[in-house]
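Coordinate analysis (summary)
So you can see what is in the structure, the chains are spelled out below.
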Amino acid sequence: MTTQKSLLEAISIGKRFGGFVALDAVDIAIWPGERVGLIGPNGSGKSTLVNCLSGATGSDTGTISFDGRAIERLPAHRRTRLGIVRTFQIPLPFTSMTVVGNLTIPLRFAARRHPEAKAAESDIEQALLILEDVGLRDKAYESSAGLTQVEMRKLELARAVAARPKLLIADETMAGLSNSEVDEIISLLFKLNDQGIAIIMIEHIMGAVMAFSQRVVVLVAGRKIADDVTDVVMRNAEVVRAYLGE
Amino acid sequence: MRRIPSWIWPVAVAVFILTLSRLVENEYYMFAGYVVLQYIVLASAWNILGGYAGYVNFGSAAFFAIGAYGTVVLDKLLEPPLVVAILFGGIVASLVGLVTAYLTLRLRGVFFAIATLALAIVLQTLVMNWEFVGGPLGFYTIRPDSIAGFPSYVNYLFVVMLVLALISVLVARAIERSFVGRGLAAIRDNELAAECCGVPTLRLKVFATMLSGGLMGMAGAPFPYYITYLDPNSAFSIAYSINSIAMPLIGGMTYWIGPVIGAVLLAVIQQVATVTISSELNLMIVGVLLISFITLAPNGIVGLFESYRQQRHRRPGT
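Residues numbered from 1 in each chain as written. Chains lettered and ligands numbered in written order. Predicted model: local features only at pLDDT ≥ 70, side-chain atom pairs only at ≥ 80, totals over all residues.

1. Some thoughts on the overall build of chain B
Secondary structure summary: chain B contains 15 helices and 2 strands in total. With 318 residues in all, chain B has 47% of them scored as buried. Excluding contacts between residues fewer than 6 apart, the proportion of contacts in chain B whose partners are at least 24 apart in sequence is 77%. (Helix = DSSP H or I, 4+ residues; strand = E, 2+ residues; numbered from the N terminus. Buried ≥ 20, exposed ≤ 12 C-beta atoms within 10 Å, placed from the backbone. Contact = placed C-beta atoms within 7 Å.)

Put into structure tokens, the structure is as follows:
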């Protein structure tokens with residue numbers, strides 16, 4: 001892995017909200033095709049880090065480069081077009097549109113802007129293929145407002161995939177799902193990873209993180225306290241203390 | 001198999017109205033029709049930002065008045081042909097739209113609405129204190145003699161407004177069906193999600209505000225010639241702001257035809273009420289209709305029609 005160039009490299013990311021330091025000089029690097037788990041207790045800054053990486057909020061300090069480009073000053077839509085795509089903790093479907101309509105937005109506004117875009121199929125055809133992949137093909141022409149929770153999560157992922165990401169940031173895509181539904185989403189994420197998409201999984205469900213991640217990054221109170229291969233991190237005393245107490 | 005392009009219908013209706021305007025002798029119908037057409041422009045323009053993108057503009061009167069006062073300024077300086085005044089009004093209004101957009105589009109929901117309302121008040125105060133255009137006393141425009149090829153100047157104004165209405169409808173329709181319209185709909189549904197799907201939300205909102213404002217300015221440009229006496233209270237009348245919102249709401253905001261239906265319906269009712277009952281009753285009619293539609297049919301007349309059609313489709317199938 002060290003011989004390859006990193007896909008995303010964020011150095012010394014800092015973010016404060018008033019007097020509260022949400023992120024304190026966090027470094028994170030992601031390599032192409034990697035599966036990384038991002039964990040930490042509530043309020044540790046996971047979502048803030050996602051927001052800073054995806055551009056939903058700007059970071060106060062630090063630099064972020066993606067594919068060799070400095071992106072820390074780019075608005076979110078430009079980052080999406082470059083290939084950093086995120087999903088939301090609470091699904092945010094475009095409720096006035098059908099399921100397939102939801103996917104045509106990133107296909108039109110992000111995927112087509114890729115330098116290597118090769119739109120042999122129409123947006124709708126591509127959208128249907130993606131929906132096939134995530135198992136929402138039979139809901140394609142239904143209103144996205146009427147989906148169940150797990151379907152909404154799948155739509156959220158499908159919409160992210162439609163932006164043709166190189167790095168997918170999945171922000172708690174499994175919170176509140178049943179065990180079998182969690183397994184469904186995990187296998188879906190593996191499938192996407194097989195297609196060459198690097199994935200950052202933010203998750204509270206430890207089983208899911210351990211099953212999925214090659215590497216785990218741990219945030220506590222805005223600082224990165226561990227960043228290593230999954231097994232090593234899980235045996236890290238500081239991590240155990242942060243999660244389980246003394 | 002070639003289908004008839006559907007933009008032909010608005011054009012055909014416009015041509016039909018144009019023909020009618022040649023046959024009708026009574027000039028009053030031109031006067032009343034002008035107002036209806038003017039509202040088609042305002043409602044369609046408002047809907048580009050308010051209906052498609054979900055940003056409620058309470059300051060339509062400001063953009064309309066910019067167009068009207070743009071004409072006054074030009075009229076005092078060099079008396080150009082009306083077409084020039086319309087283009088001028090449209091350009092100035094869309095530039096004001098550009099500035100407004102950058103100042104206010106970071107505001108969401110009700111805050112944006114209040115900011116646009118404030119814009120109208122600020123501009124009205126400025127015009128009130130601007131002696132060159134008459135200040136609070138207003139300004140008399142002298143209508144040019146009748147234009148060659150038209151029975152009267154009022155008829156000419158009517159045809160001009162008919163063309164503007166047709167342009168607005170075609171523009172609104174084109175936006176709705178283009179990727180810009182899709183992007184605006186995504187913004188309306190969820191702006192953050194839209195941005196993260198690659199939609200350049202700020203640029204689209206600025207574009208929509210400029211286009212919407214520009215069309216409203218164009219609608220206002222012929223107004224000084226229409227009423228011949230323009231003062232701040234009539235140019236900045238709250239009726240324009242309210243009607244521009246009420247008409248798309250009543251007609252339906254998702255499709256271009258909604259504002260047209262709403263504008264025709266409401267403006268005709270107002271014109272009839274003005275003649276038969278009293279001109280004071282107008283805004284009350286709007287209010288009553290607005291409240292009934294918001295409570296009973298939030299998606300407007302087009303929405304009612306659509307849900308009726310969906311029900312009929314569903315029944316035989318399942």
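2. Observations concerning the overall build of chain A
Looking only at helices and strands, one finds 9 helices and 10 strands in chain A. Here chain A has a C-alpha radius of gyration of 18 Å; the compact-globule value for 246 residues is 18 Å, and the two agree. Residue pairs at least 24 apart in sequence account for 66% of intrachain contacts in chain A once pairs closer than 6 positions are excluded. (Rg over C-alpha atoms; globule rule 2.2 N^0.38 Å.)

3. A look at the confidence of the model for chain B
Across chain B, the average pLDDT comes to 89, with 98% of residues at 70 or higher. Here the predicted complex scores 0.90 on pTM and 0.90 on ipTM. (pLDDT = per-residue confidence, 0-100.)

4. A short note on the nonpolar core
In this structure, A158(A), L42(B), A65(B) and C197(B) are the most contacted members of the largest nonpolar core, which totals 167 residues. In terms of residue count, the dominant contributor to this core is helix α6 (residues 153-177) of chain B (14 residues). Once residues lying within four places of it in the same chain are set aside, the contact partners of A65(B) are L123(B), G220(B), A235(B) and F236(B). (Core = buried A, V, L, I, M, F, W, Y, C linked by C-beta atoms within 7 Å.)

5. Notes on helix α5 (residues 109-128) of chain B
One full turn of an α-helix is made of 3.6 residues, so residues set three or four places apart face in the same direction. Residue and element names in this part refer to chain B. For α5, with 20 residues, the first-to-last C-alpha span of 30 Å sits near the 28 Å given by 1.5 Å per residue. Those residues of α5 that sit buried are F112, T116, L119, A120, L123 and V127. Down the axis of α5, the buried set is contained in an arc of 95°. They therefore lie on one face. Residues of α5 that are exposed and point more than 90 degrees away from the buried face comprise V110, F111, V122 and T125. Where α5 is buried, its residues touch α3 (60-77), α4 (82-104), α11 (232-235) and α12 (238-251). (Expected span 1.5 Å × (residues − 1). Arc of directions from axis to C-beta.)

6. Notes on the packing of helix α4 (residues 123-134) of chain A against helix α5 (residues 149-162) of chain A
Residues and elements named next belong to chain A. It is at 10 Å that the axes of α4 and α5 come closest, and there the two elements cross at 135°. By the criterion of interaxial angle, the relationship of α4 to α5 is oblique. Considering the relative orientation of α4 and α5, their crossing is right-handed. Side by side, α4 and α5 meet where A127, I130, L131 and V134 of the first sit next to K154, L157, A158, V161 and A162 of the second. For the contact of α4 with α5, the class distribution of residues is 8 nonpolar, no polar and 1 charged. (Axes fitted to C-alpha atoms, helices over the stretch in contact; angles between N-to-C directions. Parallel < 35°, antiparallel > 145°, perpendicular 65-115°, else oblique. Left-handed = near helix turned anticlockwise from the far one by under 90°. Nonpolar A, V, L, I, M, F, W, Y, C, P; charged D, E, K, R; others polar.)

7. Some points on the sheet that holds strand β7 (residues 167-171) of chain A
All names here are of chain A. The strand order β6-β7-β8-β3-β9-β10 describes an open sheet built from 6 strands, whose pairing is mixed. Whereas interior strands pair on both sides, the edge strands pair on one side only; in this sheet they are β6 (84-86) and β10 (223-229). If you compare each strand with its neighbour and ignore which way they point, the axes differ by 15° on average. Of the strand pairs in this sheet, strand β3 (residues 35-39) and strand β9 (residues 215-220) are connected by 4 bridges, and their pairing is parallel. Across the sheet, the residue bridging to G37 is V216, located in β9. Packing of helix α6 (residues 179-194) onto the sheet brings it into contact with β3, β7 and β8 (198-202), and relative to β8 it is tilted by some 155°. (Pairing = 2+ DSSP bridges.)

8. Looking at the interface of chain A and chain B
Facing 22 residues of chain A, the contacting portion of chain B comprises 17 residues. Counting residues per element, the ones that place at least two in the side of chain A that touches chain B are α2 (76-82) and α3 (99-109) of chain A. When residues in the side of chain A that touches chain B are grouped by element, the largest group, 5 residues, is from α3(A).

9. Notes on the sheet that holds strand β5 (residues 69-70) of chain A
Residue and element names in this part refer to chain A. Read from one edge to the other, the open sheet built from 4 strands follows the order β2-β1-β4-β5, with strand pairing classed as antiparallel. Two strands in the sheet have a free side with no partner beyond their single neighbour: β2 (20-30) and β5. Two strands pair when backbone bridges link them, and strand β1 (residues 8-17) and strand β4 (residues 61-66) are joined in this way by 5 bridges, in the antiparallel orientation. Counted as the bridge partner of I11 is T63 from β4.

10. Some details on the packing of α3(B) against α12(B)
All names here are of chain B. One can describe the packing of α3 onto α12 by two numbers: an axis separation of 7 Å at closest approach and a directional angle of 120°. The orientation of α3 relative to α12 falls into the category oblique. At the point where α3 passes α12, the crossing takes the right-handed sense. Every residue of α12 that contacts α3 at S60, A61 and F64 is listed here: I238, Y240, S241 and S244.

11. Describing the environment of V209(A)
Residues and elements named next belong to chain A. Here V209 lies in helix α7 (residues 206-212). C-alpha separation for the pair V209 and V26, spaced 183 residues apart in sequence, amounts to 20 Å. When neighbours within four sequence positions are excluded, V209 is seen to be in contact with G37, I39, M201, E203 and V216.

12. As for the pairing of β1(A)
Regular strands have side chains that alternate between both faces of the sheet. Residues and elements named next belong to chain A. The pairing of β1 with β2 spans 7 bridges and is classified as antiparallel. What sits directly across from I13, in β2, is V26. The antiparallel hairpin formed by β1 and β2 contains 2 residues in its connecting segment, where G18 sits at a positive phi of about 60°.

13. Observations concerning unusual backbone geometry
Residues and elements named next belong to chain A. Backbone geometry at E172 places phi at a positive 45°, although glycine is not the residue there. Note on placement: E172 falls in the loop between β7 and α6. For A221, which is not a glycine, the phi torsion comes out positive at approximately 50°. Residue placement: A221 occurs in the loop between β9 and β10. Taking the number of C-beta atoms within 10 Å as the measure of exposure, A221 has 15 and is therefore partly exposed.

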